[in-house]
Each structure stands twice: as C-alpha cells, then as structure tokens.
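Tertiary structure, described
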Amino acid sequence: MALTQFLCRSPYFLKPLSATSLGRTLKIPVGSWNDYLRKVSVHDGKSFSTKIVLGIETSCDDTGAAVVDETGSILGEALHSQTDVHLKTGGIIPSVAQQLHQENIARTKDIAPGDMLDKVARSLSLHNHPECSGMNGGRAIETLAQQGNILRYKFTIPMRRYHDCTFSFAGLQSEITRKISKEEKAEGLLEGQHLSCLPDLAAAALHAMTVHIAERTHRAILFCKEKGIIPPGKETLVVSGGVASNQYIRRSLQLLADATNFTLVCPPPRLCTDNGVMIAWNGIEKLSAGLDIFYHLENFRAPLGTDISEQVKEAFIKVPVPNLAV
C-alpha cells in the first residue's frame, strides 16, 4: 500500500486521502480515514484486521508520512521535500522554512549538529561549489572533508569543562565562521570564489563536531555502566536521525562502541534523514508495549522521559580524549 497524496501544508490535510494496492485506488473520505487506519490494511490485494500506525514527521526542511503495521512492515510512505528551495538560499534559513511550513518553528537555546553544518556550508558558499551541487549542508561538508586534512585547523571542542552529556554546537559554529572570514580576507577572495583551504576547513569542522558527539556519548555510556542502568547483555548504542547518515560520525561511534563493548545500531541511511517511517515505527513499538498511549489530547504534551542530567553531573565522570583514527 502506498500513499499517493501527501502535501505538507495544513489545508491539504482536510482533503480525502487515497491508498493504492496492486493498481487499485482506494478513496477514503476524510471522516473515515482514521477509522480505516485503525481497522483495515490492504496488502497484496487482501484485507485483514491489524494494528497500523500513521506516522507524520515535520522538520524545517521536509515533511514525511508513513504507514507501518504491527509486524514492522512499511506499508507506504511519502515525503514532501523543500530541499530545492533551501539550496537556493545556501542552506536552511528558519524564516524561509517557517513560511513554507505555515507553522511556528520551535526555538532552542542552542543549535543541532545538522544546523551547525548547514551554517558552516553557507559560510563556505558550498551551494554553488561544483562538487556539492544539489547537496544539503551536511552532505556537502562530508564530501569535501574526505579530501581534507583534519590537523591543519584545530577548533575548540565544546563543553569539556562540564561533566554532563549536554551537546552544544553554537560556539563551535561561531569559531569556525570566524576562521572562514579570516581566511577569506587573507586570500582576498572575490564574490563567487572558494577558499583554497576549503577541504581542510570542512575536515577540521566535521572532526571537531564528531569529537564532541563522541565525548558526550562516551560519558553517557560510562554513567550507565557505573549505575547499572543497562541490563547485562543488552549494551546497545542506537544512533538515528540525520547525524547517523554521516559516515565519518558513524565510523567514529563504531570505534567508541567497540571500545566500550557496546553494539552500535543505526537505521539504513535512507531512514536517517527526514521520514515518517521512524515516527510510525516508534508508534508501533509503543502501541505493542502499551506505553504512552493517549486518548484525550486536550492540553497534550508528549513526555520526554526523566531528566537525570544532574545525576550525571554529580557523578563527575572524566572522559578520555577519543582516538578517532577513522
């Protein structure tokens, strides 16, 4: 079954949706779509009762939807991407993404690793670099970093004085941007030109970000071991989202997992970027376990788990400098 109509702008959610199976189109009135999803799935031309979940994922650049059944089968998925628009502006600009989504964008005290790479890529004008055509910021940085020397520039690893597991990328991004401006002045670049040291800057930026991620993750692993949080034999590190699609970061975390006797688990690369499958799959897991199921949505806020950051700080776990020889 595949969703044949999915648009991210809210007025279109009011229209009837349709599903297709073996060439048949099933038109489902908007009023009965939810009932249909709860009761019936169409698979290989046969109807049967099962639990299925519709997952919707929306971010600043893409909106995805997917239908997954209780066996974990992906029955259908669709993605509405705004990448082409963001590439024209040199990366994701929140005000542009906000206008495209017709919704408010949540604000945080800091930026995500993907945001940092987008900003660095924009500062390096990678959207018009011949080797990075059509790539988002993170992919462009990773591509050029493969040709660079991570040792030419040394950026400050964030938050090494703080013995917790919090991530912070805004300060690192600012430091990298300042270095880019300094190098551009030194080379006397004209508009449209790129730095000769571009691959080295990309490699050093990606490496510094990766070290930060590895160090904070290492502390989390050590804390879990010290407190006996994870049962023996189930030591698993799951890495998902856009960061997990970066092969340099993935290989570095594999080294960390090997060193701490953890098993690293990552989704396939196509499920690491924005998609509705990961949301629907999470819903199926919670539905099967009977966890976090809500029937009344007035004043609803999704639980994010218990905050144990203060306990981590009190443990004062020192993390060795990681050897990321990847």
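If you're wondering where the values come from, they're calculated on a predicted model, not measured in any experiment. (Residues numbered from 1 in each chain as written. Predicted model: local features only at pLDDT ≥ 70, side-chain atom pairs only at ≥ 80, totals over all residues. Heavy atoms only, no water.)

1. Quick notes on the overall build of the protein
In terms of regular secondary structure, the protein is built from 10 helices and 10 strands. Expressed as a percentage of its 326 residues, the buried residues of the protein come to 40%. A separation threshold of at least 6 residues defines the contact pool for the protein, and within that pool the share at least 24 residues apart is 61%. Of the roughly 18800 Å² of accessible surface on the protein, a fraction of 54% belongs to carbon and sulfur atoms. (Helix = DSSP H or I, 4+ residues; strand = E, 2+ residues; numbered from the N terminus. Buried < 20%, exposed > 50% of the residue type's maximum accessible area, 1.4 Å probe, protein only. Contact = heavy atoms within 4.5 Å. Areas by Shrake-Rupley, 256 points an atom, 1.4 Å probe, with all protein chains shown as cover.)

2. Structural notes on the sheet that holds strand β6 (residues 52-58)
What the 3 strands build is an open sheet, ordered β6-β7-β8; its pairing is antiparallel. Each having just a single partner strand, β6 and β8 (74-81) make up the two edges of the open sheet. This sheet shows a mean twist of 10° between the axes of neighbouring strands, independent of strand direction. Here strand β7 (residues 62-69) runs beside β8; their pairing, made up of 7 bridges, is antiparallel. Counterpart to Ala65 in the pairing with β8 is Ala78. (Pairing = 2+ DSSP bridges. Axes fitted to C-alpha atoms, helices over the stretch in contact; angles between N-to-C directions.)

3. A short note on the pattern of salt bridges
Charged atoms that come close allow side chains of opposite charge to pair. In total, this model carries 8 salt bridges according to the counting rule given. Residue Glu77 is joined to Arg270 by a salt bridge in which the shortest nitrogen-to-oxygen separation is 3.0 Å. Here Glu77, found in strand β8, pairs with Arg270, found in the loop between β10 (263-265) and α9 (277-289); they are 193 residues apart in sequence, far enough to count as distant. Residue Glu77 is classed as partly exposed on the basis of its relative accessible area, which comes to 33%. (Salt bridge = Lys/Arg side-chain N within 4 Å of Asp/Glu carboxyl O.)

4. Side note on the environment of Pro268
Relative to the helices and strands, Pro268 is located in the loop between β10 and α9. Since its relative accessible area comes to 47%, Pro268 is described here as partly exposed. Each C-alpha atom of the pair Pro268 and Ser245 lies 8.1 Å from the other, and the pair is 23 residues apart in sequence.

5. A look at the pairing of β7
Among the 8 residues that make up β7, 8 are buried, leaving the element largely enclosed by the rest of the structure. Neither face of β7 is left uncovered, since the one carrying Asp62, Gly64, Ala66 and Val68 and the one carrying Thr63, Ala65, Val67 and Asp69 both have all their residues buried. Direction of pairing for β6 relative to β7: antiparallel, over a ladder of 7 bridges. Bridging across to β7, Thr58 finds its partner in Thr63.

6. Section: helix α7 (residues 198-227)
An ideal rise of 1.5 Å per residue puts 44 Å on 30 residues; α7 measures up with 44 Å between its terminal C-alpha atoms. With 24 of 30 residues buried, α7 lies mostly within the body of the structure. (Expected span 1.5 Å × (residues − 1).)

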